[in-house]
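Next come the chains, spelled out residue by residue.
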Amino acid sequence: MLAFSVRNAAKVVGYYRQMARDAGVRSIMAEGAMQALEEAISMGRGSTLVPEQVDFFARKFESG
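Notes on the structure in this doc start here. Just so it is clear, the structure is predicted and the values come from calculations on it, not from any experiment.

## Some words on the packing of helix H1 (residues 6-22) against helix H2 (residues 28-42)
As a packed pair, H1 and H2 sit with axes 9 Å apart at the nearest point and diverge in direction by 150°. It follows that H1 is roughly antiparallel to H2 by the angle criterion. You can see that H1 and H2 cross each other, and the crossing is left-handed. In this structure, H1 contributes Val-6, Arg-7, Ala-9, Ala-10, Val-13, Gly-14, Tyr-16, Arg-17 and Arg-21 to the contact, and H2 contributes Ala-30, Glu-31, Ala-33, Met-34, Leu-37, Glu-38, Ala-40 and Ile-41. A breakdown of the residues in the contact of H1 with H2 according to their chemical character gives eleven nonpolar, one polar and five charged.

So, in structure tokens, the structure goes:
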């Protein structure tokens, strides 16, 4: 199991995104992941585990 909180994942993705920016490149993957993680955090899900996000987004997209 990937026992990593959403907040910690956002921190790591943020490091990667900054590394890419420092190298002068744009990372579509980092931007998309960060957007999803930031949305989850803004909805109070920062302490939930990363695998739980699958259900969170499945419910979100079901409801439109």
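Alright, that's what it looks like, and here's the rest.
## A short note on H2
For H2, spanning 15 residues, the distance from its first C-alpha to its last is 21 Å, which sits close to the expected 21 Å at 1.5 Å a residue. Those residues of H2 not exposed but buried are Ala-30, Met-34, Leu-37 and Ala-40. End-on view of H2: buried residues confined to an arc of 125°, all on one side of the axis. Turned more than 90 degrees away from the buried face of H2 sit Ile-28, Gln-35 and Ser-42, all of them exposed. Close packing links the buried residues of H2 with H1 and helix H3 (53-62). Following H2 by one or two positions, Gly-44 adopts a phi angle in the positive range, close to 80°.

What counts as what
Residues numbered from 1 in each chain as written. Predicted model: local features only at pLDDT ≥ 70, side-chain atom pairs only at ≥ 80, totals over all residues. Heavy atoms only, no water. Axes fitted to C-alpha atoms, helices over the stretch in contact; angles between N-to-C directions. Helix = DSSP H or I, 4+ residues; strand = E, 2+ residues; numbered from the N terminus. Parallel < 35°, antiparallel > 145°, perpendicular 65-115°, else oblique. Left-handed = near helix turned anticlockwise from the far one by under 90°. Contact = heavy atoms within 4.5 Å. Nonpolar A, V, L, I, M, F, W, Y, C, P; charged D, E, K, R; others polar. Expected span 1.5 Å × (residues − 1). Buried < 20%, exposed > 50% of the residue type's maximum accessible area, 1.4 Å probe, protein only. Arc of directions from axis to C-beta.

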